[in-house]
Amino acid sequence: MPSASSGSSDSLRPVPSSLWRDADFRRLWLGQTASQLGEHASLVMLPLLAVLTLDASAGRLGVLRAVGQAPILLLALFAGAWVDRWRTRTTMVLADAGRALALGAVALACLFGRLGMPGLFVLAFAVGALSVFFDVAYQASLVRLVNRDQLLRGNSALEGSRSAAQIGGPALGGALVSLLSAPIAAASGALFFALSFLSIRRIRRAEAVPKRPEHPPGVGHRIHEGLRFVARDRVLRAVCLASAAFQFSFAAMMTVYLLFLPRELHLSGTVVGLALAAAGPGALLGSLLAARLPRRFGHGTVLVCAAALGDGMFLCVPPLHGSSAATVPALLVVGFVFGFGGQLVNVTIMAVRQAATPDGMQGRAAATITFAGMGLAPLGSLFGGFLAGEWGLRTGLLVAAAGMMLSPVVMAFSPLARLGRELPAPRGGPTGG
């Protein structure tokens, strides 16, 4: 595997002072945009295929979402150990290729009338597993491509691309399922992953991957190092707890929300997609301000206030009724504000995590936080299905939305709230693996 000191002279060129002058950063940004667009489209498309095409019940929808999220719990730690030893570029292009093939299989199954819930479960698990590897790799890739003083700007740009995906992805997925055919809806996601594959594979700079020791430790030992490092760091430990509280409640809320909009408010697939896509413009605004607000008001203040504002908006949804003329505009406002607050949190928390972590632990720290936080998402999805089936859609949505407020409460009573205008320095930890 190439090290930071190997490769052609072109691959060893210094990182430009301006990120947008760097061709490799632009390739990463374009690939990330396409990948996130395909991912956000599929996150709406696969559940809507189950609800509108296969007439899935609340319980089956909860199981489908849980199956797609289960790889986070099963594979995140392994993915972190993998990423810390291999090029992130290689991991990302393989994940893109696999997801393109999986969604292509969904398209073919729809085309020949062979799509059923068991097959959808398998393919949702495959897409989720590959997404785990891609997401861990892209979080570590930025640290290997840019200088540390460019992390906040780099994360702002990458999260801005995710915002663009949030604008187009859900609307595209909902519109294609509702207006066109299921095969075209599935094939669209495959095309975006293929574009990401073509862009990221053109990255040429050799990554600053830590050198492997002569006798590298096993995977289990490297995973344990990552867990121990995050558990002993007060800031990263708080990130884990806040993420866990949010991801569990958000997964439950989204499971009920995807049923509430078409069945309780009687909205079409296109309008559902637009309501979900409303988070995109808000997230785009949040990503633009994320490079400025923490340096003016402090990282801790921005984290707590943005989380409370964004998460609290979903408490406004349960009182809505489909017959009201204000329903759709209200949903758009809720999505916009949620996207704005959520993006401020995402960019800020990622910069804090990257800055506090030594280079040799980037993949494992990201994977450990993903495991501890998003690993609860499958359980949250199952809980959301239970709430919808046993308590009803409106009450279930209210309970899940109230649970999302646990995340800003955890932040407010943790070291995160005391972070100032400067990012924390890297803590000590293993540098190789």
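Residues numbered from 1 in each chain as written. Predicted model: local features only at pLDDT ≥ 70, side-chain atom pairs only at ≥ 80, totals over all residues. Heavy atoms only, no water.

K.L.:
How should I be thinking about the overall build of the protein in this particular structure?
P.N.:
Looking only at helices and strands, the protein has 17 helices and 0 strands in total. Taking contacts inside the protein between residues at least 6 apart in sequence as the whole, the part at least 24 apart equals 90%. Summed over its atoms, the accessible surface of the protein is roughly 16700 Å², and 67% of this surface lies on carbon and sulfur atoms. (Helix = DSSP H or I, 4+ residues; strand = E, 2+ residues; numbered from the N terminus. Contact = heavy atoms within 4.5 Å. Areas by Shrake-Rupley, 256 points an atom, 1.4 Å probe, with all protein chains shown as cover.)

K.L.:
Please explain the environment of Leu 289 as it appears in this structure.
P.N.:
Among the structural elements, Leu 289 can be located in helix α10 (residues 279-289). Between the C-alpha atom of Leu 289 and that of Phe 340, which follows or precedes it by 51 residues, the distance is 9.4 Å. If near-sequence neighbours (up to four positions away) are discounted, Leu 289 is found in contact with Pro 294, Phe 340 and Leu 344.

K.L.:
Help me understand unusual backbone geometry, please; the structure alone is not making it clear to me.
P.N.:
Backbone phi values are negative for most residues with the exception of glycine, while trans is the configuration of most peptide bonds. Even without a glycine there, the phi angle at His 266 is positive, about 60°. With respect to the secondary-structure elements, His 266 resides in the loop between α8 (234-264) and α9 (269-277).

K.L.:
Please clarify how a nonpolar patch on the surface should be interpreted in this entry.
P.N.:
Side chains of Phe 78, Trp 82, Trp 86 and Val 219 sit close together on the surface and give an oily, nonpolar patch of about 330 Å² of accessible area. Here Trp 82 shows up in helix α2 (residues 58-83). (Patch = residues over 30% accessible without salt bridge, like charges linked within 9 Å, V, L, I, M, F, W, Y side chains within 5 Å. Salt bridge = Lys/Arg side-chain N within 4 Å of Asp/Glu carboxyl O.)

K.L.:
Help me out: how do you make sense of the packing of aromatic side chains in this one?
P.N.:
To describe a pair of aromatic rings, one takes the distance between the centres and the angle between the planes. With the rule as written, the count across this model stands at 8 aromatic pairs. Taking 6.5 Å as the distance between ring centres and 20° as the angle between the ring planes, the aromatic pair formed by Phe 246 and Phe 338 counts as stacked. With a gap of 92 residues between them, Phe 246 in helix α8 and Phe 338 in helix α13 (residues 327-355) connect regions that are remote in the sequence. Here Phe 246 matches Phe 338 in class, with each residue buried. Residues Phe 248 and Phe 383 carry aromatic rings whose centres are separated by 5.7 Å and whose planes lie at 25° to one another, so their mutual orientation is stacked. Taken as a pair, Phe 248 in helix α8 and Phe 383 in helix α15 (residues 377-391) lie far apart in primary sequence, 135 residues in all. When its relative accessible area of 29% is taken as the criterion, Phe 248 is described as partly exposed. For Phe 383, a relative accessible area of 31% translates into the label partly exposed. Connected via pairs of aromatic rings, a cluster forms that spans Phe 246, Phe 250, Tyr 257, Phe 314 and Phe 338. Directly above the aromatic system of Phe 134 lies the positively charged group of Arg 99, at a separation of 4.7 Å from the ring centroid. (Phe/Tyr/Trp six-rings, centres within 6.5 Å; stacked < 30°, edge-to-face > 60°. Buried < 20%, exposed > 50% of the residue type's maximum accessible area, 1.4 Å probe, protein only. Lys NZ or Arg CZ within 6 Å of the ring centre and 35° of its normal.)

K.L.:
In this structure, what is going on with the environment of Arg 65? I would like to understand it.
P.N.:
Here Arg 65 lies in helix α2. Overall, Arg 65 belongs to the buried group, its relative accessible area being 13%. Taking the C-alpha atoms as reference, Arg 65 lies 9.7 Å from Leu 379; in sequence the two are 314 residues apart. The contact partners of Arg 65, leaving out residues within four places of it in the chain, are Ala 251, Met 254, Thr 255, Leu 258 and Ser 381.

K.L.:
Would you explain the nonpolar core in this entry?
P.N.:
In this structure, Val 106, Met 253, Tyr 257, Leu 261, Phe 314, Val 317 and Leu 331 are the most contacted members of the largest nonpolar core, which totals 58 residues. The contact partners of Met 253, leaving out residues within four places of it in the chain, are Phe 314, Leu 397, Ala 400, Ala 401 and Met 404. Counting residues in hydrophobic clusters, the runner-up holds 26 residues, among them Phe 229, Val 235, Ala 290 and Ala 306. (Core = buried A, V, L, I, M, F, W, Y, C linked by side-chain atoms within 4.5 Å.)

K.L.:
When you look at the pattern of salt bridges in this model, what are you seeing that I'm missing?
P.N.:
It is possible for side chains bearing opposite charge to pair when their charged atoms get close. If you walk through the whole model with that rule in mind, you get 4 salt bridges. The salt bridge involving Arg 364 is made with Glu 225; its shortest N-O contact spans 2.7 Å. Highlighted residues: Arg 364 in helix α14 (residues 362-374) and Glu 225 in helix α7 (residues 219-232), separated in sequence by 139 residues. Glu 225 shares its class with Arg 364; the two are buried. Among the ionic contacts, a cluster of salt bridges with common partners joins Glu 39, Asp 96 and Arg 99.

K.L.:
In this structure, what is going on with the side chain of Ser 407? I would like to understand it.
P.N.:
Its location among the elements puts Ser 407 in helix α17 (residues 406-412). A polar side-chain atom of Ser 407 sits 3.2 Å from the main-chain carbonyl oxygen of Ala 242. Setting aside residues up to four positions removed in sequence, Ser 407 forms contacts with Ala 242, Ala 245, Phe 246 and Asp 311. (Polar contact = N/O pair within 3.5 Å; in protein donor to acceptor, adjacent residues only side chain to side chain.)

K.L.:
Honestly, the confidence of the model for the protein in this entry has me stumped. Any pointers?
P.N.:
In low-pLDDT segments, the atomic positions of the prediction should not be examined closely. For the protein, mean pLDDT is 79; residues scoring 70 or higher make up 83% of the total. In this model residues 1-16 is a low-confidence stretch, pLDDT under 50, and it forms 35 contacts with partners more than four residues away in sequence or in other chains. (pLDDT = per-residue confidence, 0-100.)

K.L.:
Explanation requested: α13 in the structure shown.
P.N.:
Owing to its 3.6 residues per turn, the α-helix brings residues three or four apart onto one side. Its 29 residues place the ends of α13 42 Å apart at the C-alpha level, agreeing with the 42 Å of an ideal helix rising 1.5 Å per residue. Within α13, 22 of the 29 residues are buried, leaving the element largely enclosed by the surrounding structure. (Expected span 1.5 Å × (residues − 1).)

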